[in-house]
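# Coordinate inspection notes
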Amino acid sequence: QVQLVESGGGLVQAGGSLRLSCAASGRTFSSYPMGWFRQAPGKEREFVAANAWSGGNTYYRDSVKGRFTISRDNAKNTLFLQMSSLKPEDKAVYYCAASARRYSGNLPLDEYDYWGQGTQVTVSS
């Protein structure tokens, strides 16, 4: 049984930083797409960052480029999202996702197979 468990969310002031973690269990994902998505109240879930495979292509939402960095620790089967220079508009529940199929591009949200439960990120102005 595959599980993705996010952690690291919290309350931070604008300009601050947080690092989200997503610990995967049940299978390894080093060769498969993993990504971060977020959902703000009243809005649809949206793409934030993704990595096609460990060491492979990486993609970012335009509004987070230069501020967020996605990375993996294969030994720990964990995905990270380092978030810096946070803005109030980054406030959302952040979700980790993983795919069971290899894909070299930026996998669409609805193609991911596994999802975590989410972690809240709140940025105060």
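Read on for a plain summary of the structure. All values reported here derive from a predicted model rather than from experimental measurement.

### Examining the pattern of salt bridges
For the structure on display, the rule yields seven salt bridges. R38 is paired through a salt bridge with D90; the nearest N and O atoms lie 3.0 Å apart. One end of the pair, R38, is in strand β4 (residues 34–39); the other, D90, is in the loop between β8 (78–83) and β9 (92–98), with 52 residues separating them in the sequence. D90 gets classed as buried once you look at its relative accessible area, which sits at 1%. With a closest N to O distance of 3.1 Å, R61 and E46 form a salt bridge. Of the two residues, R61 is situated in the loop between β6 (58–60) and β7 (68–73) and E46 in strand β5 (residues 46–51); the sequence distance between them amounts to 15 residues. E46 gets classed as partly exposed once you look at its relative accessible area, which sits at 24%. Put simply, R38, E46, R61, R67 and D90 are held in one network by salt bridges that share partners.

### Describing unusual backbone geometry
Of note in this structure, N77 is not a glycine but carries a positive phi near 50°. Along the chain, N77 turns up in the loop between β7 and β8.

### Notes on the sheet that holds strand β1 (residues 3–7)
Here we have four strands laid out as an open sheet, ordered β1-β3-β8-β7, and antiparallel in their pairing. The open sheet is flanked by β1 and β7, the only strands paired with a single partner. In this sheet, adjacent strand axes meet at a mean angle of 15° when their direction is disregarded. Of the strand pairs in this sheet, β1 and strand β3 (residues 18–25) are connected by five bridges, and their pairing is antiparallel.

Calculation criteria
Residues numbered from 1 in each chain as written. Predicted model: local features only at pLDDT ≥ 70, side-chain atom pairs only at ≥ 80, totals over all residues. Heavy atoms only, no water. Salt bridge = Lys/Arg side-chain N within 4 Å of Asp/Glu carboxyl O. Helix = DSSP H or I, 4+ residues; strand = E, 2+ residues; numbered from the N terminus. Buried < 20%, exposed > 50% of the residue type's maximum accessible area, 1.4 Å probe, protein only. Pairing = 2+ DSSP bridges. Axes fitted to C-alpha atoms, helices over the stretch in contact; angles between N-to-C directions.

Everything listed is a geometric property; what it means functionally is a separate question.
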